[in-house]
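# Coordinate inspection notes
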Amino acid sequence: MDRFFINVSDIDLNSMTAVIKGEDVKHISKVLRYEKGDKIEVSDGNNNEYICEIEKIEKEFVQLKVLKVVDIKRESNTRIRLYQGLPKNTKMEIILQKLTECGVDEIVLVNTKRTVVKLDDKKNDKKFDRWERIIYEAAKQSKRGIIPKLRGVLSFKEAIEDMKKNDFNFSPYESEKSTGIIDVLRSDEIKSSIENKEIFTIGIFIGPEGGFADEENEYIKNNGIESVSMGPRIFRTETASIVATSLTLYELGDIGGR
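Nothing here was measured: the structure is a model prediction, and the numbers come from that model.

## Topic: the packing of aromatic side chains
Aromatic ring pairs are described here by two measures, namely the spacing of the ring centres and the angle between the planes. For the structure shown, the criterion picks out 7 aromatic pairs. A centroid spacing of 5.8 Å and a plane angle of 55° characterise the contact between phenylalanine 5 and tyrosine 136, whose relative ring orientation is tilted. With phenylalanine 5 in strand E1 (residues 3-5) and tyrosine 136 in helix H3 (residues 127-141), this pair connects stretches of sequence that are 131 residues apart. Given the relative accessible area of 8%, phenylalanine 5 is considered buried. Taken together, the aromatic side chains of Tyr83, Phe156, Phe205, Phe212 and Tyr219 make up a single cluster linked through ring pairs.

Here it is as structure tokens:
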């Protein structure tokens, strides 16, 4: 059953009705060729979802009847805020799609010393419209309960300051030899912190192509962000983002069905 996101204000549980607006209307009618009486899934992007029946398809909206409120937990109590050193555009698209599927909560774009593609103003760059659409479509496909946020672009030092609001932070670094990512995720510090909080937010800082400069990594460690190894092999930036997120949600979240 296909899933669509709508605003909370477009669901009325008193009358058990809902309305889909925007680009999804054309997708429902022209691409998927849904008709009156067909059933779809709807999420309000706030972890609430519903089984609905199409009552009417118009040019500007699709009218729905809410048949059932679905009681299911799609999102982990471990929230991942992934800070991504900006890679080239094609890699960025892979990162956004796969991190959304994995379960990341927010993706923050960062300019670093070795960033090849420099972006300054989100409002004036059309790439963001496409990137946000990729996240949206991936959230639909993977049946997320929320649509992950895309934020930035931050400078390197702005990202470090932003990470201070997280409960714990780490950064994979290819030259790190003493501390492995699994050692950190299984540490008593992490376990005790999670037990005492309903929602636990972890920040992960990933470098761009070429990784972090040595002075950046020193700055990361000097600001209380754990530098970790992900093993003896070197990952590309898009692989590192996906692997770090997956390992974290496997150990501390809901990947693997725990």
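## Observations regarding the pattern of salt bridges
Any two side chains of opposite charge can pair, so long as their charged atoms come close to each other. In total, this model carries 24 salt bridges according to the counting rule given. For aspartate 10, the salt bridge identified is with lysine 21, shortest N-O distance 3.4 Å. Taken together, the residues aspartate 10 in the loop between E1 and strand E2 (11-12) and lysine 21 in strand E3 (residues 17-21) connect sequence positions 11 residues apart. Residue classification places aspartate 10 among the buried residues on the basis of a relative accessible area of 16%. In this structure, glutamate 161 engages lysine 164 in a salt bridge whose closest nitrogen and oxygen atoms are separated by 2.8 Å. A relative accessible area of 48% means that lysine 164 is categorised as partly exposed. One salt-bridge network, in which partners are shared between bridges, spans Arg3, Glu41, Glu49, Arg74 and Lys143.

## Considerations on the packing of helix H2 (residues 89-102) against H3
Where H2 contacts H3, the two axes come as close as 8 Å, and the packing angle between them is 30°. With respect to their mutual orientation, H2 and H3 come out roughly parallel. At the point where H2 passes H3, the crossing takes the right-handed sense. The segment H2 lies against H3, with Asn89, Met92, Glu93, Leu96, Gln97, Thr100 and Glu101 engaging Lys127, Arg130, Trp131, Ile134, Ile135, Ala138, Ala139 and Gln141. Class assignment for the residues of the contact of H2 with H3 results in 7 nonpolar, 4 polar and 4 charged.

## Points about the sheet that holds E3
Here we have 6 strands laid out as an open sheet, ordered E1-E4-E5-E6-E3-E2, and mixed in their pairing. At either margin of the open sheet sits one strand with a lone partner, and together these are E1 and E2. Strand contacts of helix H1 (residues 23-31): E1, E3, strand E5 (49-57) and strand E6 (61-70), with the helix running at about 95° to E3, the strand carrying the most contacts.

## Things to note about the layout of surface pockets
Computed from the structure, the largest pocket encloses a volume of approximately 380 Å³. Taken together, 25 residues form the lining of the largest pocket, with Pro172, Tyr173, Glu174, Ile234 and Phe235 sitting closest to its centre. Residue contributions to the lining of the largest pocket peak at 3 residues, all from helix H8 (residues 237-252). The residue makeup of the lining of the largest pocket, split by class, is 11 nonpolar, 6 polar and 8 charged.

## Details of the nonpolar core
Formed by 33 residues in total, the largest nonpolar core has its most connected members in Leu109, Trp131 and Phe170. Residues within four places of phenylalanine 170 in sequence aside, it is in contact with Ile181, Leu185, Ile202, Gly203, Ile204, Phe205, Ile225, Glu226, Val228, Ala244 and Thr248.

## Let's talk about helix H4 (residues 156-163)
Every buried residue belonging to H4 is among Phe156, Ala159, Ile160, Asp162 and Met163, and all of these are buried. Angular distribution of buried residues about the axis of H4 spans 160°; they occupy a single face of the element. The secondary structure elements touched by the buried residues of H4 are strand E7 (78-85), strand E8 (106-111), strand E9 (149-155), strand E10 (168-172), strand E11 (200-206) and helix H7 (214-222).

## What to know about unusual backbone geometry
The peptide bond linking glycine 152 to valine 153 adopts the cis configuration, its omega dihedral lying at 20°. Mapping valine 153 onto the fold places it in strand E9. The residue methionine 16 is not glycine, and still its phi comes out positive at about 55°. When you line up the elements, methionine 16 lands in the loop between E2 and E3. Using a relative accessible area of 28% as the deciding quantity, one classes methionine 16 as partly exposed. Backbone geometry places asparagine 47, a non-glycine residue, at a positive phi of 75°. Within the secondary structure, asparagine 47 sits in the loop between strand E4 (39-43) and E5.

The rules we used
- Residues numbered from 1 in each chain as written.
- Predicted model: local features only at pLDDT ≥ 70, side-chain atom pairs only at ≥ 80, totals over all residues.
- Heavy atoms only, no water.
- Phe/Tyr/Trp six-rings, centres within 6.5 Å; stacked < 30°, edge-to-face > 60°.
- Helix = DSSP H or I, 4+ residues; strand = E, 2+ residues; numbered from the N terminus.
- Buried < 20%, exposed > 50% of the residue type's maximum accessible area, 1.4 Å probe, protein only.
- Salt bridge = Lys/Arg side-chain N within 4 Å of Asp/Glu carboxyl O.
- Axes fitted to C-alpha atoms, helices over the stretch in contact; angles between N-to-C directions.
- Parallel < 35°, antiparallel > 145°, perpendicular 65-115°, else oblique.
- Left-handed = near helix turned anticlockwise from the far one by under 90°.
- Contact = heavy atoms within 4.5 Å.
- Nonpolar A, V, L, I, M, F, W, Y, C, P; charged D, E, K, R; others polar.
- Pairing = 2+ DSSP bridges.
- 1 Å grid on protein atoms, 1.4 Å probe; cavity = no way out; pocket = protein on both sides within 12 Å on 5 of 7 lines; lining within 4 Å.
- Points joined across faces, edges and corners; volume = space filled by probe spheres on them.
- Core = buried A, V, L, I, M, F, W, Y, C linked by side-chain atoms within 4.5 Å.
- Arc of directions from axis to C-beta.

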